[in-house]
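Okay, here's what each chain looks like letter by letter:
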Amino acid sequence: MKHHIIVKFTEGTDVGALLEPVRAIFERTLSIPGIHGVELKPSCVDRPNRYDLMIVLDMDKEALPAYDASAPHAQWKQEYGPITAKKAIFDCE
């Protein structure tokens, strides 16, 4: 499945400066059995009503509990939760 994390950061956040640190966190999820790939897709349109970043994990459905309990997931929430204005999670085949 594809696990999408779609994020709108707080106003004034330099999204470009976050890409590599966020990528480093999510690349660590590749060591979790059942996670096969990760992509970061920054928005190409800078408007107030647009989200800033989409993170896509290619994973087996059965890997979701291990991902939720993982150190990279906890680090993502701890470090970037405070600057997240909105977030949507969407899973699909």
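Keep in mind it's a predicted model, so treat the numbers as computed, not measured. (Residues numbered from 1 in each chain as written. Predicted model: local features only at pLDDT ≥ 70, side-chain atom pairs only at ≥ 80, totals over all residues. Heavy atoms only, no water.)

All right, on to the packing of aromatic side chains then. Applying the stated criterion to the full structure yields 2 aromatic pairs. Here a set of aromatic residues connected by ring pairs shows up, and it is made of F26, W76 and Y80. (Phe/Tyr/Trp six-rings, centres within 6.5 Å; stacked < 30°, edge-to-face > 60°.)

This part takes up helix 3 (residues 71-80). Along an α-helix, residues three or four positions apart point the same way, because every turn accommodates 3.6 residues. Among the residues making up helix 3, those that are buried are P72, H73, W76 and Y80. Viewed along the axis of helix 3, the buried residues span an arc of 105 degrees, placing them on a single side of the element. By the N-cap criterion, in which a side-chain oxygen at the helix start approaches the backbone nitrogen of a residue two or three places on, helix 3 is capped by S70, the distance to H73 being 3.2 Å. (Buried < 20%, exposed > 50% of the residue type's maximum accessible area, 1.4 Å probe, protein only. Helix = DSSP H or I, 4+ residues; strand = E, 2+ residues; numbered from the N terminus. Arc of directions from axis to C-beta. Polar contact = N/O pair within 3.5 Å; in protein donor to acceptor, adjacent residues only side chain to side chain.)

Mapped onto the elements, F26 comes out in helix 1 (residues 15-27). Given a relative accessible area of 1%, F26 falls into the buried group. Sequence separation between F26 and I55 is 29 residues, and the spatial gap between their C-alpha atoms is 8.5 Å. Setting aside residues up to four positions removed in sequence, F26 forms contacts with I5, V38, I55, L57, Y67 and W76. (Contact = heavy atoms within 4.5 Å.)

Before going further, it helps to spend a moment on the nonpolar core. Counting 21 residues, the largest nonpolar core has F9, V22, F26, I55 and W76 as its most contacted members. Counting residues per element, the ones that place at least two in this core are strand 1 (2-9), helix 1, strand 2 (35-42), strand 3 (53-59) and helix 3. With 6 residues, helix 1 is the single largest residue contributor to this core. (Core = buried A, V, L, I, M, F, W, Y, C linked by side-chain atoms within 4.5 Å.)

This paragraph deals with the side chain of S70. Checked against the element boundaries, S70 lands in the loop between helix 2 (64-68) and helix 3. You can call S70 buried: its relative accessible area is 10%. Among the polar contacts listed, one links the side chain of S70 to the backbone oxygen of Y67, at a separation of 2.7 Å.

One pass over the full model with this rule turns up 4 salt bridges. Two residues, D58 and K2, come together in a salt bridge whose shortest N-O distance is 3.7 Å. Of the two residues, D58 sits in strand 3 while K2 sits in strand 1, which places them 56 residues apart along the sequence. Judged by relative accessible area, D58 falls into the partly exposed class, the value being 28%. (Salt bridge = Lys/Arg side-chain N within 4 Å of Asp/Glu carboxyl O.)

This is a description of form; function is not addressed.
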